[in-house]
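One-letter residues, chain by chain:
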Amino acid sequence: MSQRQMGNQPMLVLSEESSRTSGKDAQSMNITAAQAVAEAVRTTLGPKGMDKMLVDDAGGVVVTNDGVTILDEMDIEHPAANMIVEVAQTQEDEVGDGTTTAVVIAGELLSKAEDLLDQDIHATILAQGYRQAAEKAKEILEEQAIEVTPEDTEQLEKVAATAMTGKGAESSKDVLSELVVKAVQSVADDGVVDTDNIQVETVVGGSTDESELVEGVIIDKERVHDNMPYAVEDADVALLDTAIEVPETELDTEVNVTDPDQLQQFLDQEEAQLKEMVENLTEAGADVVIAQKGIDDMAQHYLAQEGILAVRRAKKSDIKALSRSTGARVVSNIDDVTEDDLGFAGSVAQKDVGGDERIFVEDVEDARAVTLILRGGTEHVVDEVERAIDDSLGVVAATLEDGKVLPGGGAPETELALGLRDHADSVGGREQLAIEAFADAIDVVPRTLAENAGLDPIDSLVDLRSKHDGGDTSAGLDAYTGDVVDMNEDGVVEPLRVKTQAVESATEAAVMILRIDDVIAAGDLKGGGSDDDEDDAPGGPGGAPGGMGGGMGGMGGGMGGMM
C-alpha cells in the first residue's frame, strides 16, 4: 500500500512506518470508535442515570454524571472519537446541558448510517439526507416550543430543577433551583445573561440545603492589617488597579548618601508620599479600599489609622465583579480619585467560611454581580453539586435569552421521530432512507431513558408513540413511575436551545465522520512539528506525509484502549 508500480520502478508514496486504512474499513473503524464514546456515557442519561468514577495516574478521583466532564477526563486518542468529544464540548459552551444527549444521538446516527452503508448507499447521500432531516427537526422543535417570559420564575425554576435531576444536587434541587433563578435574574442585562457575573464558591462542610446566594461579591482575601475594622456598614468602596506603594523609577538609579540626615530625609520623603496617597483616598470619602496590586506596610498602617478596611492583590475578575455590583469606577492613579469614582455597599465584612476568612461585599443597590455559596459534606459531593449548578445556570440563562422551552422526558424526541417519518414519505430518492434512519436514531433518547430507569424500552416507546399519535405532544416518560404523563404538568421542561443544539452538533459530527474514507497514520510526525525546522516546512521534503498523519498518530492504540 505504501508504493505504486511505475514501469519497472516502484514509486514510494508513504514511508514504511505509515499505515493506511481505506474505503469501508476506514468508515467502519471511525464509526466503531465514535460508538464506543457514545456508549461510555449512555448509562448516565436521565434522572435514573448512573455515575462514573474516573481515576488518573496520580490517584485523583472524579465522580460525576456530567457527560462532558467524563469525556474530558477520559484519555481518548482516536481522532474520530475526539470528534464526538467535541460535540459534548460545543454543547457545554453553547447551552451548558444536554451533553450526554448530543453524544448519544451522534453515536446512534452513525450506527444507523452503518446499516445503510452496508446496503451500498453512498455516504454523501446519507450526509445529504441527515442534513435535510436536521433542518426539518429544527422546524418541528420550534413548533412544539412553549413561550416563557423572564418574569415567569416558577417555569424558570422548573427548567433549573430539570437540569439538576439525576446529578449530585438532586436531593436539594428545590432550594438550589430557587437560588439559580434568582442569580440569573439578578445579572440579566436587557435579556442577555453573562454567567461570568455569577461567581460560584464551594465550601466543604454542612449540607447542600445550606447553600446560599450572596447579592454581591465574595473575595477570597483578608484585610491587610489587624487594626483595620472587621466590618464597615454603608461603605464607600474605592477600587484600584494600581499599587499603594512608592513608585519605582523605570531606569536603574543609584543614590549616593554622604550624611545620615540625607538618608532620613530620603525615608521621610517616601513616607510622605505614602501618607499623601492615603490622604487622597480619605478625602475622597473611601471607607473600603480594594487594590489589584500590593499595599506598602507603611500605607497599611496609615489606612488602619484612618479606619479604612483594605484588601490587596485582589483578582482582576473580582475587581470587575465589584465594579459591576457596587458601581465603583476602577482607578489607575490615586491622585485622581474623587467621590464620583467610589461605589456603594451596605455591608463590607470579613467572615469565616468553612475555616477560611473571606471578604463579603453585600447589600448593594443593584446587584449585577452575585455569588453562590455551595456547601456539601465532602469535596467530591461539592464538586458534583458545582457541575450541576453550572449546567443549571446555563439552561436558565438560555431560557431567559430565547424565551422558549420544550417538555422533557423524551417527549420532543418522540414527536421529532414521528414528524420526520411523515416528512420522509414526501422526499424522493435514497435520501428518504437517510431521513428514516435519522428518525430511528432520535428514538435512542426515550429508549435510553427507559433502559436506565429499569423499564422495558419497547413498551415505553410504544406507549409514548401512541400518546403522540393521539396529539398529546407533551407526553413524556416518568422515569420514577414508568408511566407516560404530561411533562408540562410534571414540571419537566428544558430550553429549546438544548435540543436544537444537540441535533445540530450531533448531525454535523456524524456527517463529518461518514465522509471520511481514508485514514493515514504516520509512524512519526516528520513535518509541521516545529516552526524553526525549515527542512520540514509544509513544502519541504518531510512536509506532506508527516503533516498528513501527524494528528492521527497512535490511532490504533487509542481505539484499542477504548474498546
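The rules behind each value
Residues numbered from 1 in each chain as written. Predicted model: local features only at pLDDT ≥ 70, side-chain atom pairs only at ≥ 80, totals over all residues. Heavy atoms only, no water. Helix = DSSP H or I, 4+ residues; strand = E, 2+ residues; numbered from the N terminus. Buried < 20%, exposed > 50% of the residue type's maximum accessible area, 1.4 Å probe, protein only. Contact = heavy atoms within 4.5 Å. Areas by Shrake-Rupley, 256 points an atom, 1.4 Å probe, with all protein chains shown as cover. pLDDT = per-residue confidence, 0-100. Pairing = 2+ DSSP bridges. Phe/Tyr/Trp six-rings, centres within 6.5 Å; stacked < 30°, edge-to-face > 60°. Lys NZ or Arg CZ within 6 Å of the ring centre and 35° of its normal. Axes fitted to C-alpha atoms, helices over the stretch in contact; angles between N-to-C directions. Salt bridge = Lys/Arg side-chain N within 4 Å of Asp/Glu carboxyl O. Expected span 1.5 Å × (residues − 1). Parallel < 35°, antiparallel > 145°, perpendicular 65-115°, else oblique. Left-handed = near helix turned anticlockwise from the far one by under 90°. Nonpolar A, V, L, I, M, F, W, Y, C, P; charged D, E, K, R; others polar. Patch = residues over 30% accessible without salt bridge, like charges linked within 9 Å, V, L, I, M, F, W, Y side chains within 5 Å.

The name given to the protein chain in an unreviewed UniProt entry is Thermosome subunit, and the organism recorded there is Halomicrobium zhouii.

For the rest of this paragraph, the subject is the overall build of the protein chain. Scanning the protein chain from terminus to terminus reveals 19 helices and 21 strands. Here the protein chain holds 563 residues, and the buried ones make up 49% of them. Long-range contacts, defined as pairs at least 24 residues apart, comprise 74% of the intrachain contacts of the protein chain with a sequence gap of at least 6. Per element, the accessible surface of the protein chain, about 26300 Å² overall, is 44% carbon and sulfur.

What follows covers the confidence of the model for the protein chain. Detailed reading of the predicted coordinates is not advisable wherever pLDDT is low. Of the residues in the protein chain, 89% have a pLDDT of 70 or more, and the chain-wide mean is 83. Per-residue pLDDT stays below 50 along residues 526-563; that stretch engages in 51 contacts with residues further than four places along the chain or on separate chains.

This part takes up the environment of Pro-446. Examined against the element boundaries, Pro-446 turns out to sit in helix α14 (residues 444-452). A residue is classified by how much of its surface remains accessible, and Pro-446, at 2% relative accessible area, is buried. As a C-alpha pair, Pro-446 and Thr-414 span 32 residues in sequence and 7.3 Å in three-dimensional space. Not counting residues up to four positions away in its chain, the partners in contact with Pro-446 are Gly-410, Glu-413, Thr-414, Leu-461, Leu-464 and Leu-477.

What follows concerns unusual backbone geometry. Its identity is not glycine, yet Asp-234 carries a phi of approximately 45 degrees, on the positive side. The exposure class assigned to Asp-234 is exposed, which follows from its relative accessible area of 52%. Unlike most non-glycine residues, Arg-313 shows phi in positive territory, near 50 degrees. On the secondary structure map, Arg-313 appears in the loop between β12 (309-311) and α10 (316-326).

Turning our attention to the pairing of strand β15 (residues 356-362). For β15, a buried count of five out of seven residues is recorded, marking the element as mostly surrounded by other parts of the structure. Pairing between strand β9 (residues 217-219) and β15: three bridges, direction antiparallel. Bridging across to β15, Ile-219 finds its partner in Ile-359. In the sheet, strand β14 (residues 343-353) pairs with β15 via seven bridges, with the strands oriented antiparallel. Considered in β15, the bridge of Asp-352 is made with Glu-357. Between β14 and β15, which pair antiparallel one after the other, the connecting turn spans two residues, and Gly-354 there sits at a positive phi close to 55 degrees.

We now examine the packing of aromatic side chains. Evaluation of the coordinates by the stated rule reveals one aromatic pair. Between Tyr-130 and Phe-438, the aromatic rings sit 5.7 Å apart at their centres with planes inclined by 75 degrees, giving edge-to-face as the arrangement. With Tyr-130 in helix α5 (residues 123-144) and Phe-438 in helix α13 (residues 431-442), the pair connects residues that are 308 residues apart, well separated along the chain. With a relative accessible area of 0%, Tyr-130 lands in the buried category. One Lys or Arg, Lys-351, reaches over the ring of Phe-360 and ends 4.8 Å from the middle of that ring.

Relative to the helices and strands, Ala-502 is located in helix α17 (residues 496-514). The residues contacting Ala-502, other than those within four sequence positions of it, are Gln-91 and Ala-102.

With respect to topology, three strands assemble into an open sheet ordered β7-β16-β8, the strand pairing being mixed. On the outer flanks of this sheet lie β7 (198-204) and β8 (212-214), each paired with one strand and no other. Between one strand and the next, the sheet's axes are offset by a mean angle of 25 degrees, whatever the strand orientation. Bridging between β7 and strand β16 (residues 370-376) involves seven bridges; their strand directions are parallel. Bridge pairing links Glu-201 to Ile-373 in β16.

This part takes up the side chain of Glu-362. With respect to the helices and strands, the residue Glu-362 is situated in strand β15. Note on Glu-362: relative accessible area 17%, which makes it buried. Excluding anything up to four places from it in sequence, Glu-362 contacts Val-214, Glu-215, Ala-345, Gly-346, Ser-347 and Lys-351.

Under the counting rule described, the total for this entry stands at 21 salt bridges. The shortest N-O distance in the salt bridge between Asp-443 and Arg-465 comes to 2.5 Å. Of this pair, Asp-443 sits in the loop between α13 and α14 while Arg-465 sits in helix α15 (residues 457-469), and the two are 22 residues apart along the sequence. Residue class for Asp-443 comes out buried when judged on its relative accessible area of 2%. According to the relative accessible area criterion, Arg-465 is partly exposed, its value standing at 29%.

Helix length check: α13, at twelve residues, gives a terminal C-alpha distance of 17 Å against a target of 16 Å (1.5 Å per residue), a fit within 8%. Taken as a whole, α13 has its buried residues at Glu-431, Ala-434, Ile-435, Ala-437, Phe-438, Ala-439, Ala-441 and Ile-442.

Quick look at the sheet that holds strand β17 (residues 404-407) now. Spatially, β6-β17-β20 is the arrangement adopted by the three strands of the open sheet, whose pairing is antiparallel. Looking at strand neighbours, the two that pair on one side only are β6 (146-147) and β20 (493-495), the edges of this open sheet.

Let's shift gears to the packing of helix α4 (residues 99-118) against α14. Across the interface, α4 lies against α14 with an axial gap of 10 Å and an inter-helix angle of 115 degrees. Regarding the angle of α4 to α14, the classification is roughly perpendicular. Here α4 runs over α14; the crossing is right-handed. In this structure, α4 uses Thr-101, Val-104, Ile-105 and Glu-108 to contact α14, whose residues at the interface are Val-444, Val-445, Arg-447 and Thr-448. Here the residues of the contact of α4 with α14 sort into four nonpolar, two polar and two charged.

Let us look at a nonpolar patch on the surface. Together, Val-255, Val-257, Leu-263, Phe-266 and Leu-267 make up a nonpolar patch on the protein surface, roughly 430 Å² of accessible area in all. Relative to the assigned elements, Leu-267 resides in helix α8 (residues 260-284).

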